[in-house]
Amino acid sequence: MATKKSFLDLEKIESELLKYGVEDVDSEIGKIEKQIKSTLNSYKEKNKIAREQYKNAIPFSEIYDSIDKLNLPDWVQKKINSARIFGRSKQMIIFPDGEKYQINNPLNNLSGGDWLNFTTSVFSTFYTTKGKDSYAHKIRKIHPSPKPPQLMREIIEFFTKENEIIFDYFMGVGGSLLGAGLSKRKAIGIDLNEKFIKAYKNAAKEIGVDIFPTKCGDCLEILNNEKEMKSLLNNKKISLVLIDPPYANMMSKEKTGGDIVVYGNKATPFTNDERDFGNLNQTAFFDSLKQSVKLVLPYIKKHGYIVIFIKDLQPNKKELNLLHADIIKKINEIPNLNYKGLRIWADRSAKLFPYGYPFSFVANQIHQYILVFRKEK
Ligand SMILES: C[S@@+](CC[C@H](N)C(=O)[O-])C[C@H]1O[C@@H](n2cnc3c(N)ncnc32)[C@H](O)[C@@H]1O
């Protein structure tokens, strides 16, 4: 039994460690405590600087008569009485806990700290697939690769403000649309498969968020139909296109190696439709993806973003299969659109398989690329 004094629930941690056969429990707990203390120290340091800045700032009411025209987010409005204005531009609000908000931020409603956190290029998550925190995973799991709504929510909260529109034309069971519902945004979705759209609606009901307009059909056909697009968007502009396309014919190939354990040795296409991006060969896939982005561009607002999830395929003798790099190059050829950078999402809940064991290295790819493009004019 660990006896050291600690602010952690040691008994619980100890029993978890024992469950997984860890022998030196004390040493493991010591490592966890050290990590937490070092994180706390860095927060303490940051807070010291912020408290100093707050002391030197001017009360909000001395600079601004009212908040009416400032379009401040709810979280700022709620604590406006303790707000002060910091810096020469008079645009920076600072709170006693050091939290900051820039009044002329046209992109999102985030505090400075949350903005900074989001910009880390690598991050990992472990989202549960059980209970309330799974966001109706038991309904969404009819899809082979549903995106966690919590993850989509974070992306949406960075690239949009409340009530703005998110568009996902590969919506599946609605990771993006549910993320939009969780963050008081609006969304529109398209998918070829009616079954997935139905599951999205059931999941939204179960979670208790808005059910957004959806359309069943081929995204290229719909994006090409101006009348249909205008009616879907109600003549409004999109702030964020958030898509997670199928990767060339990855799903429609017969499985090999460790994938057999996960999927069986059968091909698992999203649909049997020849318009399904998951059933295209790689060249056709790149061309169709580029075409879809070209078609959606006129419906996006100036400085709106396109965010694309993509995973590389395993390299083979003929191809490096760095899909993310190929897509960046291809999409960046589109005029009035610029590649802005990427984030790498590691899904710690992904199962590991001994693919090349014991002969050669084969990576367990638990990460996906989140590619970010911006419409310039
Ligand atoms: C990787 S999944 C997206 C999963 C989604 N992010 C979620 O949270 O469930 C890709 C989806 O694209 C759909 N799809 C493939 N080709 C399409 C096309 N031409 N038009 C519309 N949807 C398509 C598939 O049916 C599949 O559900």
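Above this text sits the structure in question.
These figures come from a predicted structure and were not determined experimentally.

## Regarding the pairing of strand β6 (residues 165-168)
Link 1 in the chain: Because side chains alternate across β6, one face comprises the buried residues Ile165 and Phe167, and the other comprises Ile166 and Asp168, equally buried.
Link 2 in the chain: Sheet analysis places β6 next to strand β7 (residues 186-191), joined by 4 bridges and oriented parallel. By the bridge assignment for β7, Ile165 is matched with Lys186.
Link 3 in the chain: Taking the sense of rotation as the criterion, the β-α-β connection linking β6, helix α8 (residues 175-182) and β7 turns out right-handed.

## Some thoughts on the packing of α8 against helix α9 (residues 194-207)
Link 1 in the chain: Remark: α8 packs on α9, axes separated minimally by 10 Å, with the N-to-C direction vectors making an angle of 25 degrees. With respect to their mutual orientation, α8 and α9 come out roughly parallel. Of the two possible hands of crossing, α8 and α9 adopt the one that is right-handed. Of the residues in α9, those touching α8 at Leu177, Leu178 and Leu182 are Tyr200, Ala203, Ala204 and Ile207.
Link 2 in the chain: Residues that form the contact of α8 with α9 fall into these classes: 7 nonpolar, no polar and no charged.

## Considering the pattern of salt bridges
Link 1 in the chain: In the structure shown here, the tally under the stated rule is 17 salt bridges.
Link 2 in the chain: Across the salt bridge formed by Lys147 and Asp244, the nearest N and O atoms sit 3.2 Å from each other. Within this pair, whereas Lys147 is found in the loop between α6 (137-140) and α7 (149-159), its partner Asp244 is found in the loop between β9 (238-243) and α12 (259-263), the two being separated by 97 residues in sequence.
Link 3 in the chain: Classification of Asp244 by relative accessible area gives buried; the value is 15%.
Link 4 in the chain: For Glu157, the salt bridge is made with Arg153, and the minimal N-O distance between the two is 3.1 Å.

## Here's the deal with the environment of Arg140
Link 1 in the chain: Here Arg140 is to be found in helix α6.
Link 2 in the chain: With 61 residues separating them along the chain, Arg140 and Lys201 place their C-alpha atoms 9.9 Å apart.
Link 3 in the chain: A polar side-chain atom of Arg140 sits 2.8 Å from the main-chain carbonyl oxygen of Tyr135.

## Description of the site of the ligand
Link 1 in the chain: Taken together, 23 residues lie around the ligand, and Val173, Asp191, Asp218, Cys219 and Asp244 are the ones closest in.
Link 2 in the chain: Here Lys147 contributes a backbone N or O atom positioned 2.9 Å from an oxygen atom of the ligand.
Link 3 in the chain: Backbone polar atom of Leu192 to a nitrogen atom of the ligand: 3.2 Å apart, as the coordinates give it.
Link 4 in the chain: Computed on the free molecule, the ligand has an accessible area of 610 Å², of which 99% lies beneath the protein chains in the complex.
Link 5 in the chain: Judged by the fraction of its atoms near the pocket grid, the ligand is located in the largest cavity.
Link 6 in the chain: Residues belonging to the shell around the ligand are distributed by class as follows: 11 nonpolar, 6 polar and 6 charged.

## Remarks on empty space enclosed by the protein
Link 1 in the chain: Overall, the coordinates contain 1 cavity of 30 Å³ or more when judged by the stated rule.
Link 2 in the chain: The calculated volume of the largest cavity comes to roughly 290 Å³.
Link 3 in the chain: In terms of lining residues, the largest cavity is bounded by 30 residues, among which Phe170, Met171, Gly172, Asp191 and Pro246 are the most central.
Link 4 in the chain: Breaking the lining of the largest cavity down by element, the ones donating at least two residues are α8 and β7.
Link 5 in the chain: Of the residues in the lining of the largest cavity, the class split is 14 nonpolar, 9 polar and 7 charged.

## Thoughts on the nonpolar core
Link 1 in the chain: Residues Phe167, Tyr169, Val241, Val296, Ile306 and Ile331 are the most contacted members of the largest nonpolar core, which totals 41 residues.
Link 2 in the chain: Per-element accounting of this core gives the leading share, 6 residues, to helix α13 (residues 282-296).
Link 3 in the chain: For Ile306, the residues in contact, after removing those within four places along its chain, are Val241, Val293, Val296, Leu297, Ile300, Leu337, Leu371, Val372 and Phe373.
Link 4 in the chain: Phe123, Ile156, Ala199 and Val372 belong to the second largest nonpolar core, which has 38 residues in total.

## Quick look at the layout of surface pockets
Link 1 in the chain: For the second largest pocket, the calculated volume is near 710 Å³.
Link 2 in the chain: As for the second largest pocket, its lining consists of 23 residues, and the residues nearest its centre are Gly98, Glu99, Gly112, Gly113 and Asp114.
Link 3 in the chain: At the level of secondary structure, the elements contributing two or more residues to the lining of the second largest pocket comprise α2 (25-55), β4 (100-102) and α5 (112-118).
Link 4 in the chain: The class makeup of the residues in the lining of the second largest pocket is 9 nonpolar, 9 polar and 5 charged.
Link 5 in the chain: Residue assignment places the lining of the second largest pocket across two domains, with domain 1 (7-56) and domain 2 (58-104) each supplying three or more.

## Considering the packing of aromatic side chains
Link 1 in the chain: Per the counting criterion, the structure on display carries 16 aromatic pairs.
Link 2 in the chain: Taken together, a centroid distance of 4.7 Å and an interplanar angle of 50 degrees make the contact between Phe159 and Tyr305 tilted. Of this pair, Phe159 sits in helix α7 while Tyr305 is found in strand β10 (residues 300-310), placing the two residues 146 residues apart along the sequence. Considered together, Phe159 and Tyr305 belong to a single accessibility category, that of buried residues.
Link 3 in the chain: When the ring of Phe167 is compared with that of Tyr169, the centres are 5.8 Å apart and the planes differ by 55 degrees; the resulting orientation is tilted.
Link 4 in the chain: Its relative accessible area of 1% is what places Phe167 among the buried residues.
Link 5 in the chain: Through a chain of ring-to-ring contacts, the aromatic side chains of Phe167, Tyr169, Phe170, Phe277, Phe285 and Phe286 assemble into a single cluster.
Link 6 in the chain: Sitting over the face of the ring of Phe123, Arg343 holds its NZ or CZ atom 4.1 Å from the ring centroid.

Rules used throughout
- Residues numbered from 1 in each chain as written.
- Predicted model: local features only at pLDDT ≥ 70, side-chain atom pairs only at ≥ 80, totals over all residues.
- Heavy atoms only, no water.
- Buried < 20%, exposed > 50% of the residue type's maximum accessible area, 1.4 Å probe, protein only.
- Helix = DSSP H or I, 4+ residues; strand = E, 2+ residues; numbered from the N terminus.
- Pairing = 2+ DSSP bridges.
- Right-handed = clockwise from strand over helix to strand, strands pointing away.
- Axes fitted to C-alpha atoms, helices over the stretch in contact; angles between N-to-C directions.
- Parallel < 35°, antiparallel > 145°, perpendicular 65-115°, else oblique.
- Left-handed = near helix turned anticlockwise from the far one by under 90°.
- Contact = heavy atoms within 4.5 Å.
- Nonpolar A, V, L, I, M, F, W, Y, C, P; charged D, E, K, R; others polar.
- Salt bridge = Lys/Arg side-chain N within 4 Å of Asp/Glu carboxyl O.
- Polar contact = N/O pair within 3.5 Å; in protein donor to acceptor, adjacent residues only side chain to side chain.
- Near = heavy atom within 4 Å.
- Areas by Shrake-Rupley, 256 points an atom, 1.4 Å probe, with all protein chains shown as cover.
- 1 Å grid on protein atoms, 1.4 Å probe; cavity = no way out; pocket = protein on both sides within 12 Å on 5 of 7 lines; lining within 4 Å.
- Sits in = over half its atoms within 2 Å of the grid points.
- Points joined across faces, edges and corners; volume = space filled by probe spheres on them.
- Core = buried A, V, L, I, M, F, W, Y, C linked by side-chain atoms within 4.5 Å.
- Domains from an automatic or database assignment.
- Phe/Tyr/Trp six-rings, centres within 6.5 Å; stacked < 30°, edge-to-face > 60°.
- Lys NZ or Arg CZ within 6 Å of the ring centre and 35° of its normal.

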